[in-house]
Amino acid sequence: MGFFDFMTEDIAIDLGTANTLIIHNDKVVIDSPSIVARDRISGKIIAVGKEANMMQGKTHENIKTIRPLKDGVIADFDASEKMINMFIKSIPALKKRMFTPALRMVVCIPSGITEVEMRAVKESCERVNGKEVYLIHEPMAAAIGIGIDIMQPKGNMIVDIGGGTTEIAVIALGGIVCDKSVKIAGDVFTNDIVYYMRTQHNLFVGESTAEKIKIQIGAAIEDLESPPEDMSVQGRDLLTGKPKQVDVSYREIAKALDKSIQRIEDAVMETLSQTPPELAADIYNTGIYLAGGGSMLRGLDKRISLKTDLPVYIAEDPLRAVVRGTGMALKNIAKFKSILIK
């Protein structure tokens, strides 16, 4: 076994719709957009991650950018496998190795995922030399990453707003007591902004631009204490066909995102209404924890807090909370045996 141990590397993966993060030796070694660019003629993958992301919306007919994950699950099996493979191969510490080591991996998955989708994730990992593959539910990983002691007989509520799904879960005694997974998250926010710019400003903007708007001036409420400055947005004028520029304020984005945020609020309320009374009592004291990139939307914490009358906390470095938790589970496979899915 000693020799085999030397041959095996441990990695934790947060395979997200928008971003893929990988931890190796307690360090985040990969933090890249989950996107690949494929050459249509040869079928080869020509770029992955940040490089492929820069190509998005700017390709000619021989290049296609693919996001292998949709709504938190694998939509394009082949592309996702190649993407994971290229990410793993580009981990600095593994590059030095003469051949690919056997891998022990913990990968996180959305809580509303089906058996088939689960198997797709597992098979993808086994095909990139994963000898032992464990799966962990995202809200669970987020809770561990935030620093909650999930094994306690205490209720905690996690809302993880990712790219493809928003995962809401009440966790106690190392298990998920009630959960809800809704397909309204970062991607939907981005599309809301594209639609808003189109209908309100007659401006056609691409997804990458909409994403930039969301990050730079995105908001969940119309009156922020420290508002971001207006942003100049360039795109194509739908009436004249000419490129044009429009100034947009955060209030407009708050309007654009209002409906989708309402759906997330409703899901949170529904989960609360399904929570057993003893755990509801705990949550009254502990509040709600937000994780994932979507939690960085300005004023979202305040908005959810007003809706639920509960204190709302944003995890530190919310984009990495899930992968941190996945990494901790990987280090303590024995301790977290009960929550890992073999």
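Predicted, not measured: the structure shown is a model, and the values here were computed from it. Starting afresh in each chain, residues are numbered from 1 along the sequence in its written order. For this predicted model, a pLDDT threshold of at least 70 governs which residues receive local features, and a threshold of 80 or more governs which side-chain atom pairs are given and counted, while totals over whole chains, interfaces and linings are taken from all residues. No hydrogens and no water enter the side-chain calculation; it runs on all heavy atoms of the structure.

**Q** Honestly, the packing of helix α9 (residues 250–274) against helix α11 (residues 300–308) in this entry has me stumped. Any pointers?
**A** Any two packed helices are characterised by the angle at which their axes cross and by the distance between the axes. What counts as an axis is a line fitted to C-alpha atoms, over the stretch in contact for a helix, and the angles between N-to-C directions run from 0 to 180 degrees. Starting at the N terminus, helices and strands are each numbered in turn, a helix being any DSSP run of H or I of at least four residues and a strand any DSSP run of E of at least two. Two numbers describe how α9 lies on α11: the axes approach to 11 Å, and their chain directions differ by 45°. Between α9 and α11, the interaxial angle falls into the category oblique. Here α9 runs over α11; the crossing is right-handed. Of the residues in α11, those in contact with D258, I261, Q262, E265, D266, V268, M269 and L272 of α9 are L300, R303, K307 and T308. Between 65 and 115 degrees an angle is taken as roughly perpendicular, under 35 as roughly parallel, over 145 as roughly antiparallel, and anywhere else as oblique. Handedness of each helix crossing follows the sense of rotation of the near helix against the far helix: counterclockwise by less than a right angle gives left-handed, clockwise gives right-handed. Whether two residues are in contact is decided by their heavy atoms: any pair within 4.5 Å suffices.

**Q** Explain the UniProt feature "binding site: ATP" (unreviewed entry) in the chain to me, please; I cannot follow it from the model alone.
**A** UniProt positions are given in the numbering used here, feature names are shortened, and annotations may be inferred rather than shown by experiment. UniProt's feature table lists "binding site: ATP" (unreviewed entry) at T17, A18, N19, G163, G164, T165, E211, K212, I213 and K214, given in the numbering used throughout. Contacts of G163, omitting those with residues within four sequence positions, involve T17, A18, A185, G186 and D187. With respect to the helices and strands, T165 occurs in the loop between β11 (156–161) and β12 (166–172). Burial classification: accessible surface area is computed with a 1.4 Å probe over protein chains only, and a residue below 20% of its type maximum counts as buried, one above 50% as exposed, and the rest as partly exposed. With relative accessibility at 5%, the residue T165 sits in the buried group. Residue contacts for T165: discarding those within four places in its chain leaves D71, G72, P110, E138, D160, S181, V182, K183, I184 and A185.

**Q** For this particular structure, what's the right way to read the sheet that holds strand β15 (residues 231–237)?
**A** Each strand in a sheet pairs with its neighbour through backbone hydrogen bonds, running either in the same direction (parallel) or in the opposite one (antiparallel). Taken in spatial order, the three strands make up an open sheet running β14-β15-β16, and their pairing is antiparallel. Unpaired on one side and paired on the other, β14 (203–204) and β16 (243–248) mark the two borders of the sheet. Pairs of strands are assigned from DSSP output, requiring at least two bridges between the strands. In this structure, β15 lies alongside β16, joined through six bridges in antiparallel fashion. Pairing of M231 across the sheet is with V248, part of β16. The sheet contacts of helix α8 (residues 207–217) involve β15 and β16, and relative to β15 the element is tilted by about 160°.

**Q** Explain the sheet that holds strand β4 (residues 36–39) to me, please; I cannot follow it from the model alone.
**A** Strand order in the open sheet formed by three strands is β5-β4-β6, with antiparallel pairing between adjacent strands. Single-partner strands in this sheet number two, and they are β5 (45–48) and β6 (63–66). Going from strand to strand, the sheet's axes swing by 20° on average, the running direction of each strand aside. The pairing of β4 with β5 spans three bridges and is classified as antiparallel.

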